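# Report on the structure
Single-letter residue listing:
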Amino acid sequence: MEDEFSFLTLLKQHRELDEIFFCHQEALLLGEIDRAVRELKRHEARLLTHIQVEEDLLLPIYGARTDKIPGGPLELFTGEHKELKMFLAEFCETLSQMGERSPSDLRRWIIALLDRQFMYKHLSEHHDLRERNVLYPWLDRITSNEERHALLTRCSGEHPS
């Protein structure tokens, strides 16, 4: 793209979210439940901020300026956001119950949690692709360079790196 600013720069936030979640799963594998909880909470806080920015700033523009929404209706994006949040709430609840487990029972809980997290990661990857291939490129097409700059500045301000 010839313009100076692109919504594709927001993909850096996706990579950061993936890395934090990976740290959470590493802690799980090591049986470091307190660290796993901290990393999951950090991931959740960042993801919720990212979702809020998209729903408050980006999706309304995308919906208002695109006659036939490529990649599906806005409800598809917000529905995936809702599913991601439900998964995270489930993971937090499961982690809160792990402190009372015996070591052998704890290992089985960790395995079960990692299995559930596979589904979360699949949804997250699918959602990332939808934003990478549809939402962000279309936002680049339907906004001016100045508007993109202003929106990206707001996105960065509301979602610290």
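Right above here is the structure, for reference.
Residues numbered from 1 in each chain as written. Predicted model: local features only at pLDDT ≥ 70, side-chain atom pairs only at ≥ 80, totals over all residues. Heavy atoms only, no water.

### Quick look at the overall build of the protein chain
Applied cut-off: Comment: elements are numbered from the N terminus, with helices defined as DSSP H or I runs of at least four residues and strands as E runs of at least two. Throughout this description, buried means an accessible area under 20% of the type-specific maximum (1.4 Å probe, protein chains only), exposed means over 50%, and partly exposed covers the range between. Here a residue-residue contact requires only that any non-hydrogen atoms of the pair lie within 4.5 Å. In this description, accessible areas are obtained by the Shrake-Rupley approach with a 1.4 Å probe, and a residue is regarded as covered only by the protein chains that are shown. None of His or the chain ends enter the tally, which takes Lys and Arg as positive and Asp and Glu as negative. In plain terms, the charge of a residue is placed at NZ if it is Lys, CZ if Arg, CG if Asp and CD if Glu.
When helices and strands are counted, the protein chain shows five helices and zero strands. Secondary structure of the protein chain in N-to-C order comes out as α-α-α-α-α. Counting only C-alpha atoms and orienting by the principal axes, one finds that the protein chain spans roughly 60 × 30 × 20 Å. Each of the 161 residues in the protein chain was classed as buried or not, and the buried ones make up 42%. Residue pairs in contact within the protein chain that sit at least 24 positions apart in sequence constitute 80% of those at least 6 positions apart. If you sum the accessible surface of the protein chain, you get close to 9000 Å²; carbon and sulfur atoms cover 55% of it. Distance between charge centroids for the protein chain: 3 Å, based on 21 positive and 30 negative side chains.

### Some details on helix 4 (residues 103–142)
Defined as follows: Here a helix's expected span is defined as the number of its residues, less one, multiplied by 1.5 Å. Here the bend at each residue means the angle between axes fitted to two seven-residue stretches, the one ending at that residue and the one beginning there.
Taking 1.5 Å of rise per residue, 40 residues should cover 58 Å, and helix 4 covers 55 Å from first to last C-alpha, within 8% of that figure. Along helix 4, the largest kink reaches about 40 degrees and is centred on E131.

### Description of the environment of E26
Position of E26 among the secondary structure elements: in helix 1 (residues 11–29). On the basis of relative accessible area, E26 is assigned to the partly exposed category, the value being 34%.

### Remarks on the packing of helix 3 (residues 74–98) against helix 4
Rules: The axes used here are C-alpha line fits, helices contributing only the stretch in contact, and every angle between their N-to-C directions lies in the interval 0 to 180 degrees. Each angle gets one of four labels, with under 35 degrees taken as roughly parallel, over 145 as roughly antiparallel, 65 to 115 as roughly perpendicular, and the rest as oblique. Take the far helix as your reference; a near helix turned counterclockwise from it by less than a right angle gives a left-handed crossing, and one turned clockwise gives a right-handed crossing. Each residue is assigned to one of three groups, with Ala, Val, Leu, Ile, Met, Phe, Trp, Tyr, Cys and Pro labelled nonpolar, Asp, Glu, Lys and Arg labelled charged, and all others, Gly among them, labelled polar.
At a minimum axis separation of 10 Å, helix 3 and helix 4 run at an interaxial angle of 160 degrees. Our classification of the angle between helix 3 and helix 4 gives roughly antiparallel. Helix 3 and helix 4 meet at a crossing whose hand is left-handed. Tallied by class, residues from the contact of helix 3 with helix 4 come to 16 nonpolar, seven polar and six charged.

### Observations regarding the pattern of salt bridges
So the rule is basically this: What counts as a salt bridge is simple: a side-chain nitrogen of Lys or Arg found within 4 Å of a carboxyl oxygen of Asp or Glu.
For the coordinates displayed, the defined rule picks out ten salt bridges. Note that R46 is salt-bridged to E16, the shortest N-O span being 3.9 Å. One end of the pair, R46, is in helix 2 (residues 33–65); the other, E16, is in helix 1, and 30 residues separate them in sequence. Of the residues examined, R46 reaches a relative accessible area of 17% and is grouped as buried. When the shortest N-O distance is used, the salt bridge between R116 and E90 registers 2.7 Å. In this pair, R116 is assigned in helix 4 and E90 in helix 3, connecting sequence segments 26 residues apart. Each of K12, E16 and R46 takes part in one network of salt bridges that share partners.

### Focus on a negative patch on the surface
The line we're drawing: Residues enter patches when they are more than 30% accessible in relative terms and free of salt bridges; like-charged ones are connected within 9 Å and nonpolar ones (Val, Leu, Ile, Met, Phe, Trp, Tyr) within 5 Å.
Residues D18, E19, E26 and E125 make up a contiguous surface patch of negative charge. Ranked by the residues each element gives to the negative patch, the list is headed by helix 1, at three residues. By the secondary structure assignment, E125 is in helix 4.

### Some thoughts on the nonpolar core
Operational definition: What is meant by a nonpolar core is a set of buried Ala, Val, Leu, Ile, Met, Phe, Trp, Tyr and Cys residues, joined one to another through side-chain atoms within 4.5 Å.
Core analysis: the largest hydrophobic core is formed by 21 residues, its most contacted members being L28, F91, M98 and Y120. Those elements that provide at least two residues to this core are helix 1, helix 2, helix 3 and helix 4. Among the elements that line this core, the one with the most residues is helix 3, at seven residues. Excluding anything up to four places from it in sequence, F91 contacts F21, L40, L113, R116, Q117 and Y120. Counting 17 residues, the second largest nonpolar core, distinct from the first, contains L11, V53, L59 and C155.

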